[in-house]
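Coordinates in review
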Amino acid sequence: MLNYQQDNVLQHHSLDAAEIKLANAKLWQAQSQKLYTTLSQAITGFKSRAGQQQIVELCANNSAQHGQLVVEAGTGVGKTFGYILGHLPAILQNEQRLLISTNTITLQNQLMEKDLPQLLAILAPELTYTIAKSGSRYLCPAKVRSMLTKTEKNTDADGTDDMFDSTTPVNMSAAQLQCLKDVYTLFTEGNFAGDLDQLQVANAPQYQKLLNRDQQRCPGQRRCSDGKQCPFYLQREKISKSDIVVTNHAFLVNVLMHDSSAFGDLTNTMLVLDEAHHLPKVIRDANQAELDLSQAPEIADQFDKLEKASHKLIKSQAALFDDINKFTTSIQRLKPAITDFAEQLQQLHNHMSLNFMAYRGKKQNAFDDVEQWLMSYAPMPNSFVTPLLNLYQSCATARTYLEQLNGQFRQQLDNKDIPQTAENACNRWLQTSANLFAMVAQAHHCLEYYYQFTNQQTEEQRLDIGIARWVKNDAATGKITLLANVIDVSQHFQMRIAPAFKSQVLTSATLKTLGSFNHINRQLGINCQTSSHADIPSDFNYQHAFLSWAPTNAPDPNNEHFVGYLTQQIIELTQRHSAILVIFTAHNMLESTFNLMPTALRQHILCQDKRSKSELIQEHKRRINAGQTSILFGVDSLSEGLDLQGKYLTGVVIAKLPFPSLSEPLINYEKMTLDARGINSFAHMMVPECSRKLIQSVGRLIRSEQDWGEVFIADRRIQPRPYSNYYGNILLNALPIFQQGVR
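Read on for a plain summary of the structure.

Cut-off values and rules
Residues numbered from 1 in each chain as written. Predicted model: local features only at pLDDT ≥ 70, side-chain atom pairs only at ≥ 80, totals over all residues. Heavy atoms only, no water. Pairing = 2+ DSSP bridges. Helix = DSSP H or I, 4+ residues; strand = E, 2+ residues; numbered from the N terminus. Axes fitted to C-alpha atoms, helices over the stretch in contact; angles between N-to-C directions. Buried < 20%, exposed > 50% of the residue type's maximum accessible area, 1.4 Å probe, protein only. Contact = heavy atoms within 4.5 Å. Phe/Tyr/Trp six-rings, centres within 6.5 Å; stacked < 30°, edge-to-face > 60°. Lys NZ or Arg CZ within 6 Å of the ring centre and 35° of its normal. Expected span 1.5 Å × (residues − 1). Bend = angle between axes of the 7 residues up to and from the residue. Polar contact = N/O pair within 3.5 Å; in protein donor to acceptor, adjacent residues only side chain to side chain. Salt bridge = Lys/Arg side-chain N within 4 Å of Asp/Glu carboxyl O. Parallel < 35°, antiparallel > 145°, perpendicular 65-115°, else oblique. Left-handed = near helix turned anticlockwise from the far one by under 90°. Nonpolar A, V, L, I, M, F, W, Y, C, P; charged D, E, K, R; others polar. 1 Å grid on protein atoms, 1.4 Å probe; cavity = no way out; pocket = protein on both sides within 12 Å on 5 of 7 lines; lining within 4 Å. Points joined across faces, edges and corners; volume = space filled by probe spheres on them.

Comments concerning the sheet that holds strand S2 (residues 97–102)
The sheet built from seven strands is open, its strands ordered S3-S4-S2-S5-S10-S1-S11 with parallel pairing. Either end of the sheet is taken by a strand with one partner, and the two such strands are strand S3 (129–131) and strand S11 (532–536). Within the sheet, the average angular offset between the axes of one strand and its neighbour, ignoring direction, is 15°. Where S2 and strand S5 (residues 269–273) come together, five bridges link them in parallel fashion. Pairing of Leu-99 across the sheet is with Leu-271, part of S5.

Right, dumping it as structure tokens:
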């Protein structure tokens, strides 16, 4: 292994910070290239790629400069090895850590099971790596033991307060009981570490809620009798000590948005966001809030449990409290606040039940869901705002009092030696309180969005705040739900995520849309003046493939004859290809096309909604290996992350241009606000998003240097026009350079 300490420029204290960064950049680039050479010589059949070496140098420079790098790396460039190698000098020489976040489990598994073990075994065996994910992916031994104990006794009457009494069933099926016994035995005998994703026990996935850790009900490591052997907390400790940590975007965003310490100290941590084009949606999903207006009885019931647990605790464990009167007063003060909150919630539910259709009006177009009221940027009706603000004020009061009560209770327990019987009772109180607080806090989060919107006095202010609000009315169940979210997530990325790390790299094979980084920069608030951008194209030869599209006389995708036309095109393609992928934008079109296919061909079709993705691919490959025809029918998730090389895929059909659906409230509201500002929403939002999806879809065909075949776009709107600014021309120009023509 290379000696990294001898040339450490940080030892030269006479250099200023800028000079140190520049010197380190040159040194780390040189060292990373030495590592690349070592790796290429150690792996049999390793092919050096210019694009991969470029990523190595860019990442090495970015880590030294503490910068922000945005890099698109085409299919086959080898970006994963590239960004790991590029960060190794900083890890080895400067004791920095690397956090790699991906969007898919497939890439996480590739990193953990293939790339990191292979690369580090050759270049840096002393480095450690691990995975970070949600606590719900880990076994809770205390919960499982509690259930097994109660099931064996078939009673709670053992004189103890079990902290899981309110959440665990005593009457389990034989299969459930056997599963719990098998898992607990494996764990206690040291044959299962507690990661439920690695568990090989029959029926375990379907019983995961009986096995896993529940954050709301977890008393914490110190207060749990199984805390020292808890898989979740043991993994947290491992994460804090690891040199490289692999995680997923959803967990990363959740941790950083809530100021959690799940990743340990981030002071000297570098961040790589792979599959970074997904990040804006992940951040947006994390910000969405909803409030079920029908849960007033549930909230009242939860407070009743808390009140009973409090009285029981005061009666049996009075010695724990330094000031029992203060605790009692806080409970008494909370009761009317919760009662008022539940009453206001019920009143708004009753109001919306009577007036929902009056508020939402008649169905406007094909995208308009009659069970959904999407509010515009205009002021909300006063008849709705008045009960809404009353609910907000009562919710805010209840939340404040509940936070104060929790704080007082925890203060009473701090630095005290609590006996086991009292500890169980305290933990149970804390979990009951946590359940109530989760409901109140979720309601407050949603209502806060509505409150913020009502404070905007002018149309410009309402447009600027960018808060979408909508109500769902489930006619079948009578459930009415308030929902809200923000359109612009750039501030969340720039204020909560990016600053937490010493450097950031955002990479993907599809970061650009319409040939530029403008769209992703706008979504995440990336300043092109202070960040670096690089475009590293694929080395694959797309001239081995032919791209064609529907002629102008083909039916429009929204025409009733389109499915018949699409079906005929697929039939014709089967005469030239035996391995075909058809990508739809909606399940109903997939089903309609399947039903129109001839019976003889229908038996060769594998529909995505009938099997899991892995089962789908496995059966598809089996059929191709047997010399049979296999046609994959899928929607969005098959347009990305599907890697079928060579004979396993030679024909791709894209049924319809993948524009964002206006039936999605956030998409519709964003379009509404852009149009109100005089911005062409179609060009600003719809076409860039369509471009990215289209590039991903056509990219399913060429996955290696030897791949060949054809892609057919059945949507006639892609047809080029004489004027250059037509969106069909723009979309085609952004695609890889296939041979092209109309079919």
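Looking at the pairing of strand S1 (residues 68–73)
Within S1, six of the six residues are buried, which leaves the element mostly enclosed by the surrounding structure. Residues Gln-68, Val-70 and Glu-72 line one face of S1 and the alternating positions Leu-69, Val-71 and Ala-73 line the opposite face, and both faces are buried. Across five bridges, the pairing between S1 and strand S10 (residues 503–508) is parallel. Paired with Leu-69 across the bridge in S10 is Val-505. Both S1 and S11 contribute to a ladder of five bridges, which runs parallel. Pairing of Ala-73 across the sheet is with Ile-536, part of S11.

Comments concerning the sheet that holds strand S6 (residues 289–292)
Sheets are built from strands paired through backbone hydrogen bonds, the pairs being either parallel or antiparallel. Taken together, the four strands give an open sheet; going across it, the order is S6-S9-S8-S7, and neighbouring strands pair in antiparallel fashion. In this open sheet, the two edge strands, each paired with only one partner strand, are S6 and strand S7 (372–374). When the angles between neighbouring strand axes are averaged without regard to direction, this sheet yields 15°. Together, S6, S7, strand S8 (467–473) and strand S9 (480–486) form the strand contacts of helix H12 (residues 324–360), whose direction differs from that of S7 by roughly 85°.

Describing the packing of aromatic side chains
Each aromatic ring pair is characterised by the separation of its centres together with the angle its planes make. Counting across every chain of the model gives 20 aromatic pairs. Among the aromatic side chains, those forming a connected cluster through ring pairs are Phe-321, Phe-327, Phe-409 and Trp-429. Over the ring of Tyr-726 we find Arg-721; its NZ or CZ atom is 4.4 Å from the centre of that ring.

Some thoughts on helix H3 (residues 79–94)
The periodicity of an α-helix, 3.6 residues per turn, causes residues three or four places apart in sequence to face the same way. Taking 1.5 Å per residue, 16 residues should reach 22 Å; H3 reaches 23 Å between its end C-alpha atoms and fits that length. Of all the bends in H3, the greatest, near 35°, is centred on His-87, and the proline Pro-89 appears no more than four residues after it. Across the 16 residues of H3, 15 count as buried, placing the element largely inside the fold. Positive phi shows up at Glu-95, right after H3, with a value of about 55°.

Description of the environment of Arg-462
One can find Arg-462 in helix H15 (residues 459–465). Between the C-alpha atom of Arg-462 and that of Gly-82, which follows or precedes it by 380 residues, the distance is 44 Å. Those residues in contact with Arg-462 that sit more than four places away from it in its chain are Tyr-377, Ala-378, Pro-379, Phe-453, Gln-456, Gln-457 and Tyr-669. A distance of 3.4 Å separates a polar side-chain atom of Arg-462 from the backbone oxygen of Gln-457.

Re the pattern of salt bridges
In the structure shown here, the tally under the stated rule is 25 salt bridges. Of the charged contacts, one joins Lys-512 and Asp-535 as a salt bridge, the two residues approaching to 2.5 Å between their closest N and O atoms. One end of the pair, Lys-512, is in the loop between S10 and helix H17 (518–524); the other, Asp-535, is in strand S11, with 23 residues separating them in the sequence. Residue Lys-512 is classed as buried on the basis of its relative accessible area, which comes to 16%.

Here's the deal with the packing of H12 against helix H13 (residues 382–413)
Where H12 contacts H13, the axes come no closer than 8 Å and their chain directions differ by 155°. Taken as axis vectors, H12 and H13 run roughly antiparallel relative to one another. Between H12 and H13 lies a crossing of left-handed hand. When its residues are assigned to classes, the contact of H12 with H13 shows 20 nonpolar, nine polar and three charged.

Regarding empty space enclosed by the protein
Per the stated rule, a full pass over the model turns up three cavities of 30 Å³ or more. Estimates place the volume of the largest cavity at around 80 Å³. The wall of the largest cavity is formed by 14 residues, among which Cys-140, Cys-218, Cys-224, Cys-230 and Tyr-233 lie closest to the centre. Partitioned by chemical class, the residues of the lining of the largest cavity number nine nonpolar, three polar and two charged.

A closer look at the layout of surface pockets
Unfilled space is identified by rolling a water-sized probe across the atoms. In this model, the second largest pocket occupies a volume close to 1,900 Å³. Gln-215, Asn-254, His-258, Phe-437 and Ala-441 are the residues nearest the centre of the second largest pocket, which is lined by 46 residues in total. The set of elements that each furnish at least two residues to the lining of the second largest pocket consists of helix H8 (231–241), helix H9 (249–257), helix H10 (279–287), S6, H13 and helix H14 (420–454). Broken down by element, the lining of the second largest pocket gets its largest block of residues, 12 residues, from H14.

Everything listed here is a matter of coordinates, which is why it stays silent on function.
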